[in-house]
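# Summary of the model geometry
Read off the chains here:
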Amino acid sequence: MQGTKVVVVGVGNCCSALVQSIMYHSKNPKGLINYELGGLKPSDIEIVGAIDIDSRKVGKDLSEAIFADPNVVPKLTEVPFTGVKVVKGPVLDGAEGVLSDVIKVDDSQPVDVSAYLNELGGGMLLCLLPTGCQRAVEFYADAALKSGYAFLNCTPAKIASDNRWAEAFEDKGIPLVGDDLMSQMGGTVFHMGVLDFLTRRGVVVTKTYQLDISGTVEAFGVLEDFRREEKRKVKSDAIRQMLPPESSVATGTSDYVGFMKDCRTGYFYIEGKNCLGSDITIDIYLRTHDGPNGAGILLDVIRAVKIASDRGVGGPLTSVCAYGFKNPPIRSSINESAEWFRAFIKGERKR
Ligand SMILES: NC(=O)c1ccc[n+]([C@@H]2O[C@H](COP(=O)([O-])OP(=O)(O)OC[C@H]3O[C@@H](n4cnc5c(N)ncnc54)[C@H](O)[C@@H]3O)[C@@H](O)[C@H]2O)c1
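Summary of the structure given here. (Residues numbered from 1 in each chain as written. Predicted model: local features only at pLDDT ≥ 70, side-chain atom pairs only at ≥ 80, totals over all residues. Heavy atoms only, no water.)

## Comments concerning the overall build of the chain
A count of helical and extended segments in the chain gives 12 helices and 11 strands. A compact globule built from 351 residues would reach a C-alpha radius of gyration of about 20 Å, and the chain, at 20 Å, matches this within 12%. Taken along the three principal axes of its C-alpha coordinates, the chain extends 65 × 45 × 40 Å. In the chain, which comprises 351 residues, the share counted as buried stands at 56%. Intrachain contacts of the chain at a sequence separation of at least 6 include 75% that bridge at least 24 residues. When the accessible surface of the chain is totalled, it reaches about 14,900 Å², and 52% of it is carbon and sulfur. One finds the centroid of the 40 positive side-chain charges in the chain at a distance of 4 Å from the centroid of its 44 negative side-chain charges. (Helix = DSSP H or I, 4+ residues; strand = E, 2+ residues; numbered from the N terminus. Rg over C-alpha atoms; globule rule 2.2 N^0.38 Å. Buried < 20%, exposed > 50% of the residue type's maximum accessible area, 1.4 Å probe, protein only. Contact = heavy atoms within 4.5 Å. Areas by Shrake-Rupley, 256 points an atom, 1.4 Å probe, with all protein chains shown as cover. Lys, Arg positive; Asp, Glu negative; His and termini not counted. Charge placed at Lys NZ, Arg CZ, Asp CG, Glu CD.)

## Some remarks on unusual backbone geometry
Cis geometry is adopted by the peptide bond preceding P70, which originates at D69 and carries an omega value of 5 degrees. Following the sequence through the fold, P70 ends up in the loop between helix 2 (62-65) and strand 3 (86-88). Residue G178 is joined to D179 through a cis peptide bond whose omega torsion reads -5 degrees. As for its placement among the helices and strands, D179 is situated in the loop between strand 6 (175-177) and helix 7 (187-200). Non-glycine residue L92 carries a positive phi angle of around 50 degrees. Looking at where L92 falls in the secondary structure, it is placed in the loop between strand 3 and helix 3 (99-102). Given the relative accessible area of 29%, L92 is considered partly exposed. Backbone geometry places K261, a non-glycine residue, at a positive phi of 50 degrees.

Quick look at the structure:
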């Protein structure tokens with residue numbers, strides 16, 4: 001099996017954690033869902049290209065750019081010089097609204113993205129653009145299609161869940177996964193897990209919310225109404241599908257608190273009824289780190305996409321999407337999607 005070559009678009013917090021996790025977990029298997037997956041280890045993942053628009057990142061080696069402002073994921077492991085220089089991409093809608101306060105757009109000319117991808121010789125394009133840049137995400141999905149790169153959409157923009165994009169990737173036999181990454185132990189997967197447990201024990205959940213606070217650029221951007229709505233819709237839909245239609249559901253980032261940096265606190269409230277219609281109320285808080293949480297699942301998703309590419313399987317990888325994303329083309333429960341993912345890796349499910 002050849003190396004797993006990845007080009008990253010968006011050298012933000014999630015990218016920082018991904019680069020660090022590849023280094024850290026080259027020797028340390030603890031803390032991952034899967035250390036070895038289909039014969040691949042995290043150290044088999046190679047970041048071969050990186051695109052951003054921020055002047056503090058463009059032109060720098062990836063090992064330096066991942067620690068540049070406004071990224072807040074701390075240095076958790078040493079990252080040696082990578083030899084991958086961050087290039088400037090087209091800005092499109094990547095720094096609109098409040099994001100223009102935190103992203104310093106580099107004034108150099110953008111690269112010709114297709115030529116850049118062709119020069120790198122193929123692999124997969126990992127889209128880690130901010131929430132709310134539909135145009136930029138579509139631009140990169142199109143570039144992936146034209147250059148034969150698998151496309152991994154970690155943003156809430158609709159790509160894998162949009163039939164037109166799904167068919168375009170299927171027609172060309174190119175793998176596609178998305179939309180909106182579901183972290184290794186983030187708010188959505190945790191909430192789904194608790195609700196699943198309650199439902200299995202016969203509890204009828206009537207009301208639930210998950211509200212969270214973080215100090216990342218992502219949390220800052222989501223203060224803006226259109227981004228907040230996009231993110232809330234994806235998160236609420238993921239939770240709503242697990243509950244009776246009459247249940248009340250609210251989820252999403254509620255505030256940005258700078259000093260929290262990469263830390264995220266999620267507050268969960270659940271109200272339900274069990275035997276004899278008696279009340280059950282649950283209040284939980286979960287404190288995690290956004291970047292590592294995203295990297296933890298990406299290590300699996302990237303290797304699964306590589307396995308699909310090697311098997312010549314294109315189009316939306318529905319098992320991988322259900323396992324690793326909040327808005328997949330086909331939804332499933334946590335347990336079933338984990339089972340689909342396992343079967344896909346073993347070759348028992350095509351996609
Ligand atoms: N745990 C997680 O990290 C997690 C979980 C779920 C979803 N996601 C999604 O992943 C995406 C990335 O998250 P993040 O926390 O790393 O975001 P971030 O804001 O830290 O990073 C985004 C990066 O994209 C760059 N950018 C903006 N416009 C660009 C353009 N046109 N071309 C190239 N680069 C551009 C920014 O300069 C920045 O470096 C978001 O859409 C988020 O919703 C992340």
